[in-house]
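Examining the three-dimensional arrangement
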There are 2 protein chains.
Amino acid sequence: MLYLIGLGLGDAKDITVKGLEIVKRCSRVYLEAYTSILTVGKDALEEYYGRELVLADRDMVEQEADEILKGADVSDVAFLVVGDPFGATTHSDLVLRAVNAGIQYRVIHNASIMNAVGCCGLQLYNFGETVSIVFWTDTWKPESFYDKIKRNRAMGMHTLCLLDIKVKEQSMENLMRGRKIYEPPRYMSVAQAAEQLLEIVQNRREQGEELAMTEDTVCVGLARVGADDQTIRAGTMRELASCDLGGPLHSMIITGHLHPLEVDMLGLFAGPDGLNGLKMTDSSTYIS
Amino acid sequence: MLYLIGLGLGDAKDITVKGLEIVKRCSRVYLEAYTSILTVGKDALEEYYGRELVLADRDMVEQEADEILKGADVSDVAFLVVGDPFGATTHSDLVLRAVNAGIQYRVIHNASIMNAVGCCGLQLYNFGETVSIVFWTDTWKPESFYDKIKRNRAMGMHTLCLLDIKVKEQSMENLMRGRKIYEPPRYMSVAQAAEQLLEIVQNRREQGEELAMTEDTVCVGLARVGADDQTIRAGTMRELASCDLGGPLHSMIITGHLHPLEVDMLGLFAGPDGLNGLKMTDSSTYIS
């Protein structure tokens, strides 16, 4: 049996009791290590689970899946995923390979950022399409996520923005020379995401486009959701562009229409001026 | 401290290790019992947790919240919620009451139907607004959920449909006579939801409206997601209207544009004829 087990979002103890029991009895345990991170590393997980973990990076999962699945028809293999195995990233490819090889599989679900963002008080019902905001480079500044947010906002929906993660990235020079030397991992912060959005807003303004959001649009920054030191900050996009929410992972929400109960909840996470500090002049975001 | 603890979706062992530790040490433990159910009842949870649970129905949570929060400023109180505390139903009201009373709170997240539906292989990214399908009566047949699905499909998005739950419902006679006698709980099945949708499709067709979906639109029925006997069935809306997926809870997805990997995954859950059996003549739902 192949078990795909969600680890949740905080630390080693966010695994479910069922998941932990399975981890302890599997013959091999892999840790998917390229789409998300916990607040603790592989060592802490190994110590808590009492099991050795094999780190599975993108290359391994995509190119050496057979290695992961080896023997899973006669013994139990666990594939651990931060969050939920079918959350922000799906592992459909691994599942299909297993099924095609006659291997049974089972999913042990857990919290994902896709549902845990509800902790800021915005109702999951009212979210539209989820978008990813990628790191811009000097020469590559895609704006496609802006248009998706625009579409959601036109319908009054909130938008969850997943922020870019760069793990095992090679510099252009190392890539060209075929040297497997990797840059330190990078995780986009809420401030960086807000800055990129502000730049797009300014571009669109200069192009005379009707704006889907402005510097005053109410946004929510979330850091380390589910961890002991989780931090949530509600504020205008401009405010979030200069906030420091600490270490990764960060996510951001661009609000749509806000219902009164949602406004009350966001008030818990607003700056010292409270909700008034949000300067809700952006009337499209606020329905009382 | 008030702890809002998600129980996940299956049985007693789907609580996280962190959640279980907190449950064991809290002075009082409430079980929210009106928005969802596990495959096991209160007794099984009490036995596994080694704790007495107080059932909290809607009346209690809405009208006797002070009772739940009593003493939570000096001791620990747990409020258990099937799924995630901020999943399909938010418990913002209880949180706001706690904060206003000077009580700290903490959320222990878990899987929710809102993210666990990803197990059918449809990517959570590609879902639009979530809708609720309510039980029709002879005199009340709302169609508003159809229009939301229509809006999602126009953008190629999938729609998660949460199906109605009727718990502690009074008959009209008992209600009028003020008798607190309750009907047995009712849980909408995928077949019932599909039947209601087919009736709306037929109504709209007769009104000459351009149809957002037809009898041949690919849908996914899910039952008891996360439980040992979880059942997923992909098929046309017409097929789902006559399927029997067993006991509650059920959910349904109306697909939007399907990507090749999504089609492959749905194939695992299609009827004996496989994906061809889905008669993907509804071209709007399939992009190869």
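Calculation rules
- Residues numbered from 1 in each chain as written.
- Chains lettered and ligands numbered in written order.
- Predicted model: local features only at pLDDT ≥ 70, side-chain atom pairs only at ≥ 80, totals over all residues.
- Heavy atoms only, no water.
- Buried < 20%, exposed > 50% of the residue type's maximum accessible area, 1.4 Å probe, protein only.
- Helix = DSSP H or I, 4+ residues; strand = E, 2+ residues; numbered from the N terminus.
- Arc of directions from axis to C-beta.
- Contact = heavy atoms within 4.5 Å.
- UniProt positions renumbered as here; feature names shortened; annotations may be inferred.
- Least-squares fit on C-alpha atoms with pLDDT ≥ 70 in both.
- Pairing = 2+ DSSP bridges.
- Right-handed = clockwise from strand over helix to strand, strands pointing away.

Looking up chain A in an unreviewed UniProt entry gives the name diphthine methyl ester synthase, with the organism given as Chanos chanos.

Some details on helix H7 (residues 144–154) of chain B
All names here are of chain B. Regarding H7, the residues found buried are Phe145, Tyr146, Ile149, Asn152 and Arg153. All buried residues of H7 lie within an arc of 120 degrees about the axis, which places them on one face of the element. If you follow the buried residues of H7, they end up packed against strand E6 (131–133), strand E7 (159–163), helix H9 (190–206) and strand E12 (250–254). Among the residues trailing H7, Gly156 stands out with phi positive, at a value near 80 degrees.

As for the UniProt feature "domain: Tetrapyrrole methylase" (unreviewed entry) in chain A
In the numbering used here, UniProt assigns the "domain: Tetrapyrrole methylase" (unreviewed entry) feature to residues 1–240 of chain A. Measuring from the first to the last C-alpha atom of residues 1–240 of chain A gives 45 Å, for a span that is 32% helix and 19% strand.

Focus on the relation of the copies chain A and chain B
Note on the identical chains: chain A maps onto chain B by a rotation of 180 degrees and an axial translation of 0.0 Å, with an RMSD of 0.0 Å. Both copies of the chain, as the preceding transformation shows, are related through a two-fold rotation axis. A share of 100% of interface residues in chain A that are also interface residues in chain B marks the association as one of identical surfaces.

So, the pairing of E7(B)
Residue and element names in this part refer to chain B. In terms of burial, E7 is largely enclosed, as five of its five residues are buried. Neither face of E7 is exposed, since Thr159, Cys161 and Leu163 on one face and Leu160 and Leu162 on the opposite face are all buried. Pairing geometry for E6 and E7, over three bridges, is parallel. In the sheet register, Val131 faces E7, and the bridge partner there is Cys161. With H7 bridging E6 and the parallel E7, this β-α-β connection has right-handed handedness. Judged from the four bridges that link them, E7 and E12 form a sheet pairing that is antiparallel. Across the sheet, Leu162 pairs through a bridge with Ser251, a residue of E12.

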